[in-house]
Amino acid sequence: MPAPDPVRSCTSRRNGVRCTRPLGHPGLHRRHGAMWSDTGADPLHCPGSGEPGAPAATLDDGFPGGRALCPQCLRFVPLDADGRLVEHDTSDPDETDDERAHARDWFNTHGW
């Protein structure tokens, strides 16, 4: 039986906590009773940008392809020539379902 499609959830964060509502939801963002509007959300720019990093362990198919795991947003991010995480946002609206499935498999294999 194939794995279910990854759930696409809202990318808004407040104080580093991600909204648990579906992507594109109407109204306020929420998580465990905390609610916030877009104006109260964290900036999209990830504070982990520019921090030192190292390529993450790979899955059998090579994922994540030399990228490092950002400890702030838990995304796989390329490294610059100095081994630092490139500038990035806490979420990527163009992230594919395949990328999300690979990330899920990576966390299930290697943990947090």
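Quick summary incoming for the structure in this document.

1. A closer look at the overall build of the protein
Of the regular secondary structure elements, the protein holds one helix and six strands. Sequence-ordered secondary structure for the protein, helices as α and strands as β, is β-β-β-β-β-β-α. Looking at the protein residue by residue over its 112 residues, the buried ones come to 31%. The contacts in the protein between residues at least 6 apart in sequence include a share of 47% that link residues at least 24 apart.

2. Here's the deal with the side chain of S12
One can find S12 in the segment before β1 (13-14). Looking at S12, the relative accessible area reads 10%, which means it is buried. Here the side chain of S12 touches W36 through a polar contact of 2.9 Å, side chain to side chain. Among all residues touching S12, those that are not within four sequence positions of it are V17, R18, C19, H29, W36 and A41.

What counts, and where the lines are drawn
- What you see as residue numbers is a count from 1 along each chain, following the sequence as written.
- Restriction of local features to residues with pLDDT of at least 70 applies here, the model being predicted, together with a cutoff of 80 or more for giving and counting side-chain atom pairs; totals for whole chains, interfaces and linings are based on all residues.
- With hydrogens and water stripped out, all remaining heavy atoms of the structure feed into the side-chain values.
- Per the convention used, a helix needs a DSSP run of H or I reaching at least four residues, while a strand needs a run of E reaching at least two, with both numbered from the N terminus.
- Partly exposed residues are those whose accessible area sits between 20% and 50% of the maximum for their type, while under 20% is buried and over 50% is exposed, using a 1.4 Å probe and protein chains only.
- Every residue pair with non-hydrogen atoms within 4.5 Å of one another is taken to be in contact.
- Identification of polar contacts relies on pairs of N or O atoms within 3.5 Å, with a donor-acceptor requirement for protein atoms, meaning one able to donate a hydrogen and the other able to accept it, and with residues adjacent in sequence counted only if both atoms are side-chain atoms.

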